Amino acid sequence: MKRTPRDTADSARRITRRALLLGGAQVAFGGMLALRMRYMQVDQADEFRLLAEENRVKVRLIPPARGALYDRNGAVIAKNEPSYRIIITPEDAGDVDMVIRRLSHLIDLDPEDLAKARKEIHKHRGSPFRPVTLADRVSWEAISRVAVNAPALPGITPEVGLSRNYPLGPDLAHVAGYVGPVSDYDLSKIDAPDQLLLIPRFQIGKVGVEAKLEENLRGKAGNKQVEVNSAGREMRELNRREGQPGANLQLTIDHRLQNYAQARLGRDSAAAVVVDCDTGDILCAASAPSFDPNLFVRGISVRDYRELTENKYRPLANKAVQGLYPPGSTFKMVTILAALEAGEVTPDETVYCPGHMEVANRRFHCWKRAGHGQVDLITSLRESCDVYFYELALRVGIEKISAMAEKLGLGQRYDLPMSAIARGRAPTKEWKQSSFGQDWVVGDTVNASIGQGFVLASPLQLAVMTARMASGNYVAPRLIKSVDGVEQVVEASTPLDINPNHLRMVRRAMYAVSNHRKGTAYKSRIIADDMQLAGKTGTSQVRNITAEERRRGVTRNEDLPWERRDHALFVNFAPYNNPKYAVAVVVEHGGGGSTVAAPIARDITLQALYNGDPPLEAYPKAARSKAKAQQDRLRRERRAFLNREDRA
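Parameters at a glance
- Residues numbered from 1 in each chain as written.
- Predicted model: local features only at pLDDT ≥ 70, side-chain atom pairs only at ≥ 80, totals over all residues.
- Heavy atoms only, no water.
- 1 Å grid on protein atoms, 1.4 Å probe; cavity = no way out; pocket = protein on both sides within 12 Å on 5 of 7 lines; lining within 4 Å.
- Points joined across faces, edges and corners; volume = space filled by probe spheres on them.
- Nonpolar A, V, L, I, M, F, W, Y, C, P; charged D, E, K, R; others polar.
- Phe/Tyr/Trp six-rings, centres within 6.5 Å; stacked < 30°, edge-to-face > 60°.
- Lys NZ or Arg CZ within 6 Å of the ring centre and 35° of its normal.
- Salt bridge = Lys/Arg side-chain N within 4 Å of Asp/Glu carboxyl O.
- Helix = DSSP H or I, 4+ residues; strand = E, 2+ residues; numbered from the N terminus.
- Buried < 20%, exposed > 50% of the residue type's maximum accessible area, 1.4 Å probe, protein only.

**Q** Explain empty space enclosed by the protein to me, using residue names and the numbers behind them.
**A** Counted by the stated rule, this structure contains one cavity of 30 Å³ or more. Size it by volume and the largest cavity reaches roughly 30 Å³. In terms of lining residues, the largest cavity is bounded by Ile77, Tyr166, Leu168, Gly169, Leu172, Ala173 and Pro293. Tallied by class, the residues present in the lining of the largest cavity amount to six nonpolar, one polar and no charged.

Written out as structure tokens, the structure reads:
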């Protein structure tokens, strides 16, 4: 059929519309491409440049310097020292075994360290970018050999870091604690661990101040961008952002007094605490035997750790705050104050002591088998008559005795940055019922009156108790003196809710313990003018003495196995007229408090009062030759220790 001009015109119009639509679509598509190219090349240029360079630019964390620890006088307790190590990044190394073999031809690699490294590489096989330490604390010569042979050691990086050092060794191990490499157990306790903790062999606090104030001491990480070549070797540093070092902490501890106390405790399983009666500052918290915290910094050997854990004297335990002991006769001041406050006794009232007391068809003995006769308040404490306190306990009851104990600082856990601080126990009827499902009986009260039975206290608590009685204030113990040079506020002590006259009476009785010829601690007195101490001996039993044993004669402590001997205790404050320091000493299974603990406490008190070795004239004449020999021996030991530190 022949097309007409009209048909031709309609067809041309349809073709023109298609061309326009197609052309418009092409223009729109081209515009979109142009806009996308502009977005990618201009707006997102930095992002894509970083993606393009990610194979040659690495971001490394910069560990911050850990804060240092100082004593109250500025002596270094814990510091950082340079430490060279060699790490491997499996992702960059490729054939890890081959690279390690090459490295072993250059430097000596410890088989134990290698085994640990291989185990860690295997464990983190899904994270090959995570660096692993092959050798730690290597010499500068070894670092140099590795650096020279860098092209043949892909993935190997020599690094210089900081490691912890404790220049005072065992003296403050229980207070400062120690650091160690981050373990899987450490990481399991943290929900979102700081990336710092993933750095090879990064050290964190494990116990003591190092652990309790870890966040203060750790600081904040910095980072750096480094350019690496195809083998993963760092070529140059592109950018750096410094981190924030940890805070420097100054403790209230006097390291010289601490050192003396550790030396004076010697090989005994014992503890000694010194507290400032005004501020509550803990000047000394010694626990013996001690250990060298430097052993733990790099990872303690199995042999060294076994020696510590299998020692029956428990060197790893901080007995000053963790150890709990029946306070024995050092608790008698609590019973006296409870009875005085309750109006159940007067200072001049006497009680007859025949050597025992019958209570509920049971005989409770006094330590003096023949008895003390008629005794009043001062005489009973001076000569430590047990029967007097049995009588007071029956009058006043356990609830008031326990309330007084807590008022004086027993039976509570102090908020201090030390590990495993024990609460102790000031028992009540409700406590026994909830703990054992048993009713309180009158015999429990009698035992508690002389610090036996269910009563337990730590040396720290006994020192705080003594400081409160000496000052008449609610003294609270304090361990941190300043943070980064900023002095921490000392909270003003408020007066104890105890009649001051009753406190004065107890202080007079404690003075008689140490300064009256019949006092149980008379041989351990201080005779220097205005330096006299007031104290109280204590001997706490750890075994029951049967009636049969009493009939045939109580076995002497020295004839018993060590673990069955009595604990020896002594608490004191000085000077008597102006109390500055309160001291508590506990010697585990040491025997008598008057013969074992009291001389130690007296010597530590003198060191605190004189800020060093006291003049021999401060000692009783009979004790001077022994005191001089002891001072000379401790000086020699101290010089030997310092010489070893200097050589190290």
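Moving on from the model shown.
**Q** Quick one: what's the story with the packing of aromatic side chains, residue by residue and with numbers?
**A** In total, this model carries 14 aromatic pairs according to the counting rule given. Of the aromatic side chains, those joined through ring pairs into one cluster are Tyr178, Phe291, Phe296 and Tyr305. Residue placement shows Arg525 over the ring face of Tyr522; its charged tip is 3.9 Å from the ring centre.

**Q** Talk me through the pattern of salt bridges; I want residue IDs and the actual numbers.
**A** This structure, assessed with the given rule, holds 26 salt bridges. With a shortest N-O distance of 2.8 Å, Arg164 and Glu210 are connected by a salt bridge. One end of the pair, Arg164, is in strand 5 (residues 156-165); the other, Glu210, is in helix 9 (residues 208-212), with 46 residues separating them in the sequence. A relative accessible area of 1% means that Arg164 is categorised as buried. Residue classification places Glu210 among the buried positions, given a relative accessible area of 0%. A salt bridge links Asp632 to Arg635; the shortest N-O distance between them is 2.9 Å. Linking Asp632 with Arg635, this pair stays in helix 24 (residues 621-647), spanning three residues, or about one helical turn. For Arg635, a relative accessible area of 34% corresponds to the partly exposed category. It is possible to trace a salt-bridge network through shared partners that takes in Arg66, Arg164, Glu210, Glu214 and Arg218.

**Q** Summarise unusual backbone geometry; cite the residues concerned and give the values.
**A** A cis amide bond, omega -5 degrees, links Ala288 with the succeeding residue Pro289. Tracing the backbone through its elements, the reader meets Pro289 in the loop between strand 12 (282-288) and helix 12 (294-297). Residue Ala574 is joined to Pro575 through a cis peptide bond whose omega torsion reads -15 degrees. One can find Pro575 in the loop between strand 20 (567-574) and strand 21 (581-587).

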